[in-house]
Amino acid sequence: MPKLKFTKEVVVEAGYELMKKKGFQNVSVRKIANYLKCSTAPIYFNFRTIDELKEEIINMCKEKLKKYLYGNYSERKILSGAIGFVIFAREEKELFRTIFLDTTERFEKLYEMTLNELLTKENLHESFPDLEKEEAKNVVNKIWYFLFGYATMLCTRLDEDYRKNETNEIIENKILEIVKYFQM
């Protein structure tokens, strides 16, 4: 039987899967090795330290989150990002929990990046052309509170049927309702 090759990608993917199941604080070289059913040698062959490996896992999380934030859910970028954020919470429950609810220092940057993506000058102008930049930021910050609560509810809700019934269209309609409220 040929030996399995544990590439960097395989190790990072295993660390990511372990993080989703057990939380970021429980990621260690030994636990990843157990997950892969190997010794720690292939992991240390690819990464000098656990911190280097954890940075790669965070980068993977960032890329997965970006796919949702930059998804094509609406023509308006802020609305599209908002919808993507909530869908991310619905579909990537454990990852959402790790990044946004069990915030560790390493994930704080990712949290800030998410909000900053919504607050770019271009996004603000496109979504709120009649408002000054600071007014538009205030609207987005108020919407963010709703989004964060709504996404958290979808992530933590035990009722799987409820989560499945929150379709992309229903999510978009709820977000549009709240946007109308804050633009008054």
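What you see is a predicted model; the values in this text were computed from it and never measured. (Residues numbered from 1 in each chain as written. Predicted model: local features only at pLDDT ≥ 70, side-chain atom pairs only at ≥ 80, totals over all residues. Heavy atoms only, no water.)

### Quick look at the UniProt feature "DNA-binding region" (unreviewed entry) in the protein chain
Phase 1: Mapped onto this numbering, the UniProt entry annotates "DNA-binding region" (unreviewed entry) at residues 28-47.
Phase 2: Taken end to end, residues 28-47 is 70% helix and 0% strand, and its two terminal C-alpha atoms sit 12 Å from one another. (UniProt positions renumbered as here; feature names shortened; annotations may be inferred. Helix = DSSP H or I, 4+ residues; strand = E, 2+ residues; numbered from the N terminus.)

### Brief notes about helix α9 (residues 133-156)
Phase 1: For α9, which comprises 24 residues, the first-to-last C-alpha distance of 34 Å matches the rise-based estimate of 34 Å (1.5 Å per residue) to within 8%.
Phase 2: If you check which residues of α9 are buried, you get A136, V139, V140, I143, W144, L147, Y150, A151, T152, L154 and C155. (Expected span 1.5 Å × (residues − 1). Buried < 20%, exposed > 50% of the residue type's maximum accessible area, 1.4 Å probe, protein only.)

### Re the domain arrangement of the protein chain
Phase 1: As assigned here, the protein chain comprises domain 1 (8-47) and domain 2 (58-181).
Phase 2: Contact with domain 1, which involves six residues of that partner, is made by 11 residues of domain 2.
Phase 3: Between domain 1 and domain 2, roughly 790 Å² of surface is buried when both sides are summed, and carbon and sulfur atoms account for 72% of that area.
Phase 4: Contact with domain 2 buries area across many residues of domain 1, yet Y16, K20 and F24 alone supply 66% of it, more than any other trio.
Phase 5: Linking domain 1 with domain 2 are one salt bridge, by the criterion used here.
Phase 6: Measuring nitrogen to oxygen at the nearest pair gives 3.5 Å for the salt bridge that ties E92 to K20. (Domains from an automatic or database assignment. Contact = heavy atoms within 4.5 Å. Buried area = accessible area lost by both parts, 1.4 Å probe. Salt bridge = Lys/Arg side-chain N within 4 Å of Asp/Glu carboxyl O.)

### Section: the environment of G23
Phase 1: On the secondary structure map, G23 appears in the loop between α1 (8-22) and α2 (29-36).
Phase 2: We classify G23 as buried; its relative accessible area is 10%.

### Points about the packing of aromatic side chains
Phase 1: Applying the stated criterion to the full structure yields 11 aromatic pairs.
Phase 2: Judged by centre distance (5.6 Å) and plane angle (20 degrees), the rings of F146 and Y150 are stacked. Of this pair, F146 and Y150 both sit in helix α9, separated by four residues, roughly a single helical turn.
Phase 3: For Y150, a relative accessible area of 6% gives the class buried.
Phase 4: Aromatic rings pair up to connect Y68, F85, F88, F96, F100, W144 and F148 into one cluster. (Phe/Tyr/Trp six-rings, centres within 6.5 Å; stacked < 30°, edge-to-face > 60°.)

### A closer look at the side chain of S74
Phase 1: Mapped onto the elements, S74 comes out in the loop between α4 (50-69) and α5 (77-91).
Phase 2: Since its relative accessible area comes to 16%, S74 is described here as buried.
Phase 3: Not counting the four nearest positions on each side in its chain, S74 is found in contact with L79, S80, I83 and E172.

### So, the environment of E132
Phase 1: Among the structural elements, E132 can be located in the loop between α8 (121-127) and α9.
Phase 2: Measuring from C-alpha to C-alpha, the distance between E132 and Y150 comes to 27 Å, with 18 residues separating the pair along the chain.

### Here we look at the pattern of salt bridges
Phase 1: What the rule picks out here adds up to five salt bridges.
Phase 2: A salt bridge links E94 to R97; the shortest N-O distance between them is 4.0 Å. Taken together, the residues span about one helical turn, with E94 and R97 both in helix α6 (residues 93-101) at a distance of three residues.
Phase 3: With relative accessibility at 29%, the residue E94 sits in the partly exposed group.
Phase 4: For R97, a relative accessible area of 24% puts it in the partly exposed group.

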